[in-house]
Amino acid sequence: MTSEANWESPLFPKRYRGRVGVFALTVIHFFAGGAVLFVAALALIFGSAMSYDGILSLIGWPILALIVAVVSIIAAMVLGLPIRLIPSLRSWWRSHGTVTLIGAVLGFMTCVVVLATAPIVLVHDESGDYLARNPDEWALLAAWSIFSISVAHFVWPTAAHALHDPHF
């Protein structure tokens, strides 16, 4: 039987004793990142909408934003497993927080630009004719992916790294 002092796993290595473990950080990033993605998706949906049909839009848009946020945070967490499970990669990622900040800002701003520059088209359906934006789906997916991965694995940049690494 192993004592508690000798117990170690990939998710809770000995060097994290007394600090927040990788598993706890993953849970925190999941919920905090999911909340940020929900707010961002809701802002992009409301900002790019061309028509408002009352209560259906008021209920439907937040539900759509919630679905987008949940799918995005799960996909970002799965894609980011190597960052969390490989110690050398995790160490590099945590010491280069500027990468996550730049990725989040550029990803979100690119989403805004893709939606703002999307052509407006006339849509015909059973409820009638209305105008809608027709963004480039691949550009929007790429920008949202960079944003969601950066948010899901966000690390606040440290000033010490920027001062001591002239190559970054």
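Below, the structure is looked at part by part. Only a predicted model underlies this, so the values are computations on that prediction, with no experimental measurement involved.

### Remarks on the packing of helix H4 (residues 87-95) against helix H5 (residues 97-116)
The geometry of H4 relative to H5 is characterised by a closest axis approach of 4 Å and an angle of 70 degrees between their N-to-C directions. The orientation of H4 relative to H5 falls into the category roughly perpendicular. Residues Trp 92, Trp 93, Arg 94 and Ser 95 of H4 lie in contact with H5, whose contacting residues are Gly 97, Val 99 and Thr 100. Split into classes, the residues belonging to the contact of H4 with H5 amount to 3 nonpolar, 3 polar and 1 charged.

### Some details on the pairing of strand E1 (residues 120-125)
Across 6 bridges, E1 lies against strand E2 (residues 128-133) in antiparallel orientation. By the bridge assignment for E2, Leu 122 is matched with Leu 131. From the end of E1 to the start of E2, which pair antiparallel, there are 2 residues.

### Re the packing of helix H2 (residues 55-79) against helix H6 (residues 137-152)
Direction vectors running N to C along H2 and H6 enclose 70 degrees, while the axes themselves pass 9 Å from each other. As judged from the angle between their axes, H2 and H6 are roughly perpendicular. Regarding H2 and H6, the two cross each other, and that crossing is right-handed. Contact with H2, carried on its side by Val 68, Ser 72, Ile 73, Ala 76, Met 77 and Leu 79, involves Trp 144, Ser 148, Ile 149 and Ala 152 of H6 and no other residues of that element. Classifying every residue of the contact of H2 with H6 by side-chain character gives 8 nonpolar, 2 polar and no charged.

### Things to note about the packing of aromatic side chains
Tallying each qualifying case throughout the model produces 6 aromatic pairs. Measuring from centroid to centroid gives 4.9 Å for Phe 46 and Trp 61, while their planes differ by 85 degrees, and the two rings are edge-to-face. Of the two residues, Phe 46 is situated in helix H1 (residues 22-48) and Trp 61 in helix H2; the sequence distance between them amounts to 15 residues. Residue Phe 46 is classed as partly exposed on the basis of its relative accessible area, which comes to 37%. Between Trp 144 and Phe 147, the aromatic rings sit 5.3 Å apart at their centres with planes inclined by 55 degrees, giving tilted as the arrangement.

### Some words on the layout of surface pockets
The volume enclosed by the largest pocket comes to roughly 720 Å³. Lining the largest pocket are 25 residues, and of these Leu 44, Ile 45, Ser 48, Trp 61 and Leu 64 sit closest to its centre. Every element with two or more residues in the lining of the largest pocket is listed here: H1, H2, E2 and H6. Per-element accounting of the lining of the largest pocket gives the leading share, 5 residues, to H2. Taken together, the residues of the lining of the largest pocket sort by class into 18 nonpolar, 4 polar and 3 charged.

Thresholds applied
Residues numbered from 1 in each chain as written. Predicted model: local features only at pLDDT ≥ 70, side-chain atom pairs only at ≥ 80, totals over all residues. Heavy atoms only, no water. Axes fitted to C-alpha atoms, helices over the stretch in contact; angles between N-to-C directions. Helix = DSSP H or I, 4+ residues; strand = E, 2+ residues; numbered from the N terminus. Parallel < 35°, antiparallel > 145°, perpendicular 65-115°, else oblique. Contact = heavy atoms within 4.5 Å. Nonpolar A, V, L, I, M, F, W, Y, C, P; charged D, E, K, R; others polar. Pairing = 2+ DSSP bridges. Left-handed = near helix turned anticlockwise from the far one by under 90°. Phe/Tyr/Trp six-rings, centres within 6.5 Å; stacked < 30°, edge-to-face > 60°. Buried < 20%, exposed > 50% of the residue type's maximum accessible area, 1.4 Å probe, protein only. 1 Å grid on protein atoms, 1.4 Å probe; cavity = no way out; pocket = protein on both sides within 12 Å on 5 of 7 lines; lining within 4 Å. Points joined across faces, edges and corners; volume = space filled by probe spheres on them.

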